[in-house]
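# Structural description and commentary
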Amino acid sequence: SRYRVDQGQLLERIGALRLAAGDPAGARGALAEALAICDGLAAENPAVTRYRASLALCHHGLGAVGAATGDSEGARRSFAEALRIQRDLVARSPA
């Protein structure tokens, strides 16, 4: 799973870079692929906070794509899911 983690993180970064370069479709594709990887890792290893944090970043990235393309509802849903995951992480690790 180490390589899957790396692949998911790289795809998330590629998505962010594509969005910054003005390629929201490419960003959405990379982020969707990253989300699938990170979601699988988080589901298979619920105690590994790093995987859930990566999953939150994917949702955040998809929210940014939605905001950039005028998909307000998609952005809201993605940001809300990222926030839900982050709040859960904080609740489980308050220190």
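Scroll up to find the structure this text is about.
Summarised in this report is the structure supplied together with it. (Residues numbered from 1 in each chain as written. Predicted model: local features only at pLDDT ≥ 70, side-chain atom pairs only at ≥ 80, totals over all residues. Heavy atoms only, no water.)

Moving on to the overall build of the protein chain. Summing up its helical and strand segments, the protein chain has four helices and zero strands in all. Ordered by position in the sequence, the α and β elements of the protein chain form the string α-α-α-α. A compact globule built from 95 residues should have a C-alpha radius of gyration of about 12 Å, and the protein chain, at 13 Å, falls within 12% of that. Taking the principal axes of the C-alpha coordinates as reference, the protein chain spans close to 35 × 25 × 20 Å. (Helix = DSSP H or I, 4+ residues; strand = E, 2+ residues; numbered from the N terminus. Rg over C-alpha atoms; globule rule 2.2 N^0.38 Å.)

Ranked by size, the top nonpolar core spans 19 residues in total, and within it L11, L35, L41, Y51, L55, C58 and I85 carry the most contacts. Elements represented by at least two residues in this core include exactly helix 1 (2-20), helix 2 (24-44), helix 3 (49-68) and helix 4 (72-92). Excluding anything up to four places from it in sequence, L55 contacts L35, C38, D39, A42 and I85. (Core = buried A, V, L, I, M, F, W, Y, C linked by side-chain atoms within 4.5 Å. Buried < 20%, exposed > 50% of the residue type's maximum accessible area, 1.4 Å probe, protein only. Contact = heavy atoms within 4.5 Å.)

A separate point is the pattern of salt bridges. Overall, the coordinates contain eight salt bridges when judged by the stated rule. Where R2 meets D6, a salt bridge forms, and the shortest distance between an N and an O atom there is 3.3 Å. Placement of both R2 and D6 in helix 1 is noted, with a separation of four residues, approximately one turn of the helix. Linking R77 and E73 is a salt bridge whose minimum nitrogen-to-oxygen distance equals 3.6 Å. Taken together, the residues R77 and E73, both in helix 4 and four residues apart, mark about one turn of the helix. (Salt bridge = Lys/Arg side-chain N within 4 Å of Asp/Glu carboxyl O.)

Note on placement: E12 falls in helix 1. Engagement of the side chain of E12 in a polar contact is seen with the side chain of R13, the distance being 3.4 Å. Leaving out residues up to four positions away in the same chain, E12 has contacts with L31, A34, L57 and C58. (Polar contact = N/O pair within 3.5 Å; in protein donor to acceptor, adjacent residues only side chain to side chain.)

A word on the packing of helix 1 against helix 2. One can describe the packing of helix 1 onto helix 2 by two numbers: an axis separation of 8 Å at closest approach and a directional angle of 155 degrees. Taken together, the axes of helix 1 and helix 2 are roughly antiparallel relative to one another. By crossing handedness, the relation of helix 1 to helix 2 is classed as left-handed. Where helix 1 abuts helix 2, its residues R4, V5, Q7, G8, L11, E12, I14, G15, R18 and L19 lie against P24, G26, A27, A30, L31, E33, A34, I37, C38, G40, L41 and E44. For the contact of helix 1 with helix 2, the per-class residue count stands at 12 nonpolar, five polar and five charged. (Axes fitted to C-alpha atoms, helices over the stretch in contact; angles between N-to-C directions. Parallel < 35°, antiparallel > 145°, perpendicular 65-115°, else oblique. Left-handed = near helix turned anticlockwise from the far one by under 90°. Nonpolar A, V, L, I, M, F, W, Y, C, P; charged D, E, K, R; others polar.)

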